[in-house]
Amino acid sequence: MTIQVIPVKGLPLIRKGDDLPALVCERIAFRDGDILVLASTIYSKSKGFTRNLSEITPSERAERIARRDREDPRFVQSVFDEAKDVLLEHPFILSELPFGHIGVRSGVDRSNIEDGMVILLPPDPMGGAREIRDQVQTITGKDVGVIITDTCGRAFRRGQTGNAIGWSGLPAIRDYRHDTDLFGHELLITEEAGVDEIAGFANFVMGESHQGIPAAVFRGCGRWTGHDDLYFRPSEDVVRKALCNRPEGGAGG
Ligand code: GDP
Ligand code: MN
Ligand code: MN
């Protein structure tokens, strides 16, 4: 299997109201089965999921954490405003968003937008991916999978990687359970997070700073079967349980 990864070059600085599917389709001749990967940052900018810090009034809690971290309290408030649940306040804010993602500082970004503005993660990235997939189909007639990514930290290892936060047209998990290995052993627990693996390499192609490549197309990944149950339920999530049950406390510690 040969997989081609095609960066989408020449996209402008994205603003609210920009038609992302149209802008991408002007630059890429899609084929059936392609997977379009978009950085959440441009999806959010196109939909106006951004905030102006000057319009945010920080709470006392945000002021306190901002003093500790030498941060702008309005930025800290924007992080709290996105969180459904705050898992950790110290040594950094780790929070769960309403759509299920757990991320450092609720995934709020100050990079790749004008001073004084922040970029939020989209509130419904699954719906966003579905909408983009439908629009690409309307424009090109091609059946294209879509993944919306964000750069995320991870447990146990240094270094950020791309994670899928929304996807459409492909299952998140490639389910290997009940498949057999080279020696005929039945695999009992292997579920591969296909969308995150693609998101990770897409993030590598996009870069993090001034590269100006917020999208990439994967060609030749093939199809797989599985399911979309990517997020652990709280009862299954041993890391979350351990964090929240520490003696020094999770949030508020
Ligand atoms: P995130 O991982 O979704 O938070 O996005 P990043 O801020 O890391 O940006 C990913 C890539 O997209 C980098 O190459 C940025 O330079 C690029 N990028 C971000 N915003 C824009 C934009 O509005 N237009 C273009 N052309 N590139 C952008
Ligand atoms: Mn980000
Ligand atoms: Mn990034």
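These figures come from a predicted structure and were not determined experimentally.

Trainee: Now, about the site of ligand 1: what can you tell me, with residues and values included?
Mentor: In the neighbourhood of ligand 1, 23 residues make up the surrounding shell, with Asp109, Asn112, Thr151, Met206 and Ser209 lying closest. Between ligand 1 and the protein, one listed contact pairs an oxygen atom with a side-chain N or O atom of Ser40 at 3.3 Å. In the model, an oxygen atom of ligand 1 is placed 2.6 Å from a nitrogen or oxygen of the Ser209 main chain. Compared with its free state, where it exposes 580 Å², ligand 1 has 96% of that area covered by protein. Contributing elements (two or more residues each) for the shell around ligand 1: α2 (40-47) and β8 (145-152). In terms of residue count, the dominant contributor to the shell around ligand 1 is α2 (four residues). Of the residues belonging to the shell around ligand 1, the class tally is nine nonpolar, 10 polar and four charged.

Trainee: Tell me about the nonpolar core, residues and numbers included.
Mentor: Counting residues in hydrophobic clusters, the biggest one holds 26 residues, and the most contacted among them are Phe30, Leu36 and Leu38. Within the residue set of this core, elements represented by two or more residues are α1 (20-25), β2 (35-39), α2, α5 (125-140), β8 and β12 (215-219). Sort the elements by how many residues they give to this core and α1 lands first, with four residues. Not counting residues within four places of it along the chain, the set of residues in contact with Leu36 comprises Val24, Phe30, Ile132, Val136, Val144, Gly145, Val146, Ile147, Ala215, Ala216 and Val217. By size, the runner-up hydrophobic cluster in this structure holds 19 residues, among which are Ala39, Ala172, Ala202 and Trp224.

Rules used throughout
Residues numbered from 1 in each chain as written. Chains lettered and ligands numbered in written order. Predicted model: local features only at pLDDT ≥ 70, side-chain atom pairs only at ≥ 80, totals over all residues. Heavy atoms only, no water. Near = heavy atom within 4 Å. Polar contact = N/O pair within 3.5 Å; in protein donor to acceptor, adjacent residues only side chain to side chain. Areas by Shrake-Rupley, 256 points an atom, 1.4 Å probe, with all protein chains shown as cover. Helix = DSSP H or I, 4+ residues; strand = E, 2+ residues; numbered from the N terminus. Nonpolar A, V, L, I, M, F, W, Y, C, P; charged D, E, K, R; others polar. Core = buried A, V, L, I, M, F, W, Y, C linked by side-chain atoms within 4.5 Å. Buried < 20%, exposed > 50% of the residue type's maximum accessible area, 1.4 Å probe, protein only. Contact = heavy atoms within 4.5 Å.

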